[in-house]
Amino acid sequence: MPEPMNETTKDTMTAERMFGDVLLDVDGISISFGGVKALDGVSFNVREHEVLAIIGPNGAGKSSMLNCINGFYHPQEGTITFKGSPHHQMQTHEAASQGIARTFQNIALFKGMSTLDNIMTGRSLKMKKNFLWQALYFGPALKEELEHRAKAEEIIDFLEIEAIRKTPVGKLPYGLQKRVELGRALAAEPDLLLLDEPMAGMNHEEKEDMCRYILDVNDEFGTTIVLIEHDMSVVMDISDRVVVLDYGKKLADGTPDEVRANQDVIDAYLGVSHDENGNGDE
Amino acid sequence: MEFLNAVFVAPFLDIADSPVFFAEVVIGGLMSGVMYSLVALGFVLIFKASGVFNYAQGAMVLFAALTLVGLMEHGAPLWLGLLVTLGVMVALAYAIERFMLRKLVNQEGIILFMATIGLNFVLEGVGQIAFGSDVKRLDVGLPDKSFEWKGILLNTFDLSATFIGAVMVTSLALFFQYTPTGRALRAVADDHQAALSVGIPLKTIWVIVWSVAGAVALVAGIMWGAKAGVQFSLVLIALKALPVLILGGFTSVPGAIVGGLIIGVGEKVAEVYWGPVFGGAIESWFAYMLALAFLLFRPQGLFGEKIIERV
Amino acid sequence: MFYREAGQFKTSYDKDQAVFPIMQDRWFIVAVILAAYFVVPFVADEYWLQAVIIPFLILALAAIGLNILTGYAGQVSLGTGAFMAIGAYACYKLTTNIPDLNIVVAFLISGLMAAAVGIVFGIPSLRIKGFYLAVATLAAQFFVLWLFNKVGWFYNDNPSGTITAPPRELFGVTITGPRATAEARYFVSLTFLVIGAVVAKNLVRGRLGRSWMAIRDMDIAAEIIGIRPLQTKLMAFAVSSFYCGVAGALYIFCWLGSAETEAFDLLQVSFPVLFMIIIGGLGSIIGSIMGAAFITVMPIFLTNFPPMIGIHMATDLQKHIEEIIFGGMIVFFLIAEPHGFARLWQIGKEKLRRWPFPY
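Caption draft 1: Focus on the interface of chain B and chain C. Chain B puts 51 residues into the contact, and the matching count from chain C is 38 residues. Taken over both partners, the interface formed by chain B and chain C buries close to 4000 Å², and the fraction arising from carbon and sulfur atoms is 82%. In this assembly, chain B and chain C are joined by 0 salt bridges. Where chain B packs against chain C, one counts 1 residue pair in polar contact (both at pLDDT 80 or more). The dominant element in the side of chain B that touches chain C, judged by the number of residues it contributes, is helix 5 (residues 109–131) of chain B, at 16 residues. Per-class residue counts for the side of chain B that touches chain C are 36 nonpolar, 11 polar and 4 charged.

Listed below in C-alpha cells is the structure:
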C-alpha cells in the first residue's frame, strides 16, 4: 500500500473525476414492514469509483436502502444489479463474497475481540485453508494466517490505529470504534463500501479525519462508496453525487450543486428558512 | 409395520374406544399443567422484570415448601406457617437483590443465569439443612375425595388445587396488566436505564418481583407437596417449567399458562398412549422434544411477537 | 524480578502471534508439562490419581469442548452429559463388537459419533438463541440418556444395564478397564488433554475461532462480513461434541471402569462442567483447565478439610454444606470476576511483570 498521507483532502467539486461503468444499479426497490412502506420504488445507480451520498430526514428509508443492497432485507419488489448480475434478492453472505462491505449506524463490532482480530475477521472470506490445517496451525495454515496478518497490518497502518491493535474493541472510545469498523470493512477488499452514518456523534476533528480516510480509500483503492450522512457540509464536500430520499421515495438525484438547487429538496428537506450553506441537520 | 401401527393407529383406536378414560387422562394432564404454569409463571415474572433467567425457581419451590412443612412440624398452625413462609420468601427476595442482583447489574444474561444456578445450590442446601432431607407429608386441609362425574373419575383435591392455581394465575395476569406497579414492572423489563430515568425505583421493583415469584413458588410448593410429598424431586418437577417457557415464550404470561396446559396434557396423553411403544418413561423428555419441535416452526413461542431485526 | 520481557523483541508476525509470546511463559508451560509426565505419576499415590487427578484431566477435556461452544461460539449448552454419554456408549459398542480395533482409534471414532449427534442437536441453533437454545440442549440431555437406558442394544442387553470397559492395550500396556494401573490411565488421559488443548488453542486463534467469536459477539454483523452462521455454529457444535465424546469415552474407559447412564446425569456432569468454564473463564482454553482443577479438587477438599481440623459431620449434612459453599462460591466468583481464573491469571502476570512497582 502506498503512503496514504502525502495527498491532502482534495476538492472534489473542482477536480476532474473519472468514473467507470455502472457498478450497482438499484431498480424500483420497494419494501414494507407491516403495512408501512419503508421504500417505494426507489431507483438509482452507482458508478465505479464514485462517492454517492444518500440523504434524507429520519425515517426516509436510508438505512433500509443499504440493508437491501447488502441482502439483509429482502425487497418485495425491484431488482438490484451488482457487477452486471441482477438479483431480486441477495443473501447477506452472497453480497459479502461478491465484494460488498459495510459499516453500521450503531457500531456492530465484535466487542470481545481485539482490534486486530476484528480486522482479521473481516478477511474471513479470503482465507481458504481447511479445518485440519487450522487445527495444526502449521505449514500452509500458518503461512496463510501470516499473509493475512500482513494485510491486516497494512489497514491498521492506513487508519493509524497501531497503538490499539491488541485492545478489546469494547474498551475503545466511540470515534476509534468507528475507525476500527471501517478497517474491518476494508479488510474484505470490497468493490463497494456502504457506510451508514460514519460520522454520527463525532466532533469536528474526528469528522475531518473520517472524511480524509473515506476519500483516501476512494482514491488509493478505487473503492466505490455509498454513504449515509446527516452532516450536510460533509455530504456536499466529499460526495460526487447525492440521492435524496423522503418517505421512502426518491426526491432528487444529482451532483451536490444540483441537489442544493433543487426546489423539491429545499422545500421538503433542507427547509426554506435554513441558512445558505445548507446546514440542514445537526 | 407393527411399529408404525403402534405409533399411528393403535393409540387413536384406544382413544375412540374409551372416551371416558381419555377424558380422565386429559383432565389429569390439565391439572399437572396448571402446576407447570404456576412454576413457569415465576420464571416469566422474574425474566420480564429483571431479564434474569432464574434457574433457581425450582429450588425456590422446594425451599418454600420445606419452610412451611418445617414450621408446621414445629407446631405452627397453617395460617401462621403460611404467613411466616411468605415473610421468609420476601426476606429471601430482599437478600437476593441486595447480595446478588445489585452486584451483577449490567452483566450479560448468561452470567446472571449462572448466578441463579449457584443460588439454586445454596437454596437446596440451606433448605435441607434447616428442615431435613427426608420426604415429608404436607397436609393443608384440602378435601381429598374421589367422585364420579358423568362417568369420569375426579378428585376434589385436584380440582381445588387447579382452582387455586387458576385464581393465582389470573390475578397475577391482571396485576401485571392493570396496576401502576405492574406497568412499572413492564417498563423495567423493557429497558432498565430508561425506567430508572423516569423515576421507577429499580431495586424496589426487583424485590417485589422476586417476592411475588417467591409467593408463586410457595403456592406451587404447597400443591405439589400436598400431592407428592415435600422432597428433593420437587426441584426436578420444576425443571418441566422450562419447556413450558419455550412453548409460551419467556416473556408472556398467557404463554406460560397455555404452554403449561399444553405440556401437561401432551405429556400425560403421550405417556399413556404412546409410552408403551417406546418402552415407557417418555415423560422425562417428551416435553422438551415437543417444545423443540415447536420452536423450529415458531421460534418466538406461542405468544411472542416476531422480532424485526435492525442494524 | 525475573519475569521481564525486556530485550525480547518480536521481529515477525509469527512470533507476535505465538500462544506464549513471552519467553518465561514458554519455559513455565514446558516445565508444567514435563512435570506432569515425569514427576506427578511418581509422586502421587493411587488414591490421588484415581480420586482427583484422572477425573480432573478428563473433565478438563470436556470443559475445553464446552468452552468452544459456549465461551467462543456463544451457544449455551446444558447437554454436555449427553454428548459424553454418546462417546462412552459408542466406544463401548465399538470395543465390544470389534475387539481388534485400536483403542485410540475407538476413542476418536466415539468422538466423531458424538460430533454427528452434536450437529443434529445444533440445528435448532440457527433459529433459536440464548436461553431458548439452552433449554433445547436439555432435550438432548434427557432424550439421549433415556434412550441409552431403555434400548438394550446400547449396553449389549446386559442384565445389569451397565457398560463395562473391556481391557485394551496400547504399546503392550493395558490402559483401560479395571486391570489397568492408575499410572497407565493417567498417561492416556494426560496425553489426550495435552493434544486436545493444543488443537483447541490452534482452532480458536485461527479463522474458525474468529468466526465463532464473531457469531458470539454480533451475529448479524458476522453474517454481513460473509461468515455463514449455520456452518459456523454447527462446526462449533461438532468440535465441541467431539471433545465431549472423547472425554466421555475416557470417563468410562480410563476412570470409572463401568457405569450406567446416571454417571452422565445433568447434575453429575453437565452442570459441573458448565461451572468449570464459568469459574475458569469463558473463552479461555487455559481457563477451562484451571476451572476443571478447581471444581474437581473442591469437593475433595470439603470432604477432607473439616476432619483435619477436628470437625466431624454426618455425610448428609456435609453434602448440603458442600452444596451451599459450592453455590455461594459460584455467585461470589461471578460477582468478583465474571471472567474467571483466566482473567485473574492475566492480571497476576501483569502485576508480576511490574513488580515491585505498582505500575
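Caption draft 2: Region of interest: the domain arrangement of chain A. Residue and element names in this part refer to chain A. For chain A, the assigned domains are domain 1 (1–99 + 190–282) and domain 2 (109–184). If you look at the interface, domain 1 gives 21 residues, while domain 2 gives 11 residues. Taken over both partners, the interface formed by domain 1 and domain 2 buries close to 1200 Å², and the fraction arising from carbon and sulfur atoms is 71%. Across the salt bridge formed by R212 and E160, the nearest N and O atoms sit 3.7 Å from each other. Remark: the boundary between domain 1 and domain 2 carries 5 residue pairs in polar contact (both at pLDDT 80 or more). Breaking the side of domain 1 that touches domain 2 down by element, the ones donating at least two residues are helix 2 (92–98), strand 7 (192–196) and helix 7 (204–221). By residue number, the principal contributor to the side of domain 1 that touches domain 2 is helix 7, which donates 8 residues. Looking at the side of domain 1 that touches domain 2, its residues break down into 13 nonpolar, 2 polar and 6 charged.

Caption draft 3: Expanded view of the sheet that holds strand 4 (residues 77–82) of chain A. All names here are of chain A. Reading across the sheet, the 4 strands line up as 2-1-4-5 and stay open at both edges, with antiparallel pairing between neighbours. Both outer strands of the open sheet, strand 2 (36–47) and strand 5 (85–87), are each paired with one neighbouring strand and no more. For this sheet, the mean angle separating the axes of adjacent strands, direction not counted, is 20 degrees. Across 5 bridges, the pairing between strand 1 (residues 22–33) and strand 4 is antiparallel. Its bridge partner being in strand 4, L24 is matched across the sheet by F82.

The rules behind these values
Residues numbered from 1 in each chain as written. Chains lettered and ligands numbered in written order. Predicted model: local features only at pLDDT ≥ 70, side-chain atom pairs only at ≥ 80, totals over all residues. Heavy atoms only, no water. Contact = heavy atoms within 4.5 Å. Buried area = accessible area lost by both parts, 1.4 Å probe. Salt bridge = Lys/Arg side-chain N within 4 Å of Asp/Glu carboxyl O. Polar contact = N/O pair within 3.5 Å; in protein donor to acceptor, adjacent residues only side chain to side chain. Helix = DSSP H or I, 4+ residues; strand = E, 2+ residues; numbered from the N terminus. Nonpolar A, V, L, I, M, F, W, Y, C, P; charged D, E, K, R; others polar. Domains from an automatic or database assignment. Pairing = 2+ DSSP bridges. Axes fitted to C-alpha atoms, helices over the stretch in contact; angles between N-to-C directions.

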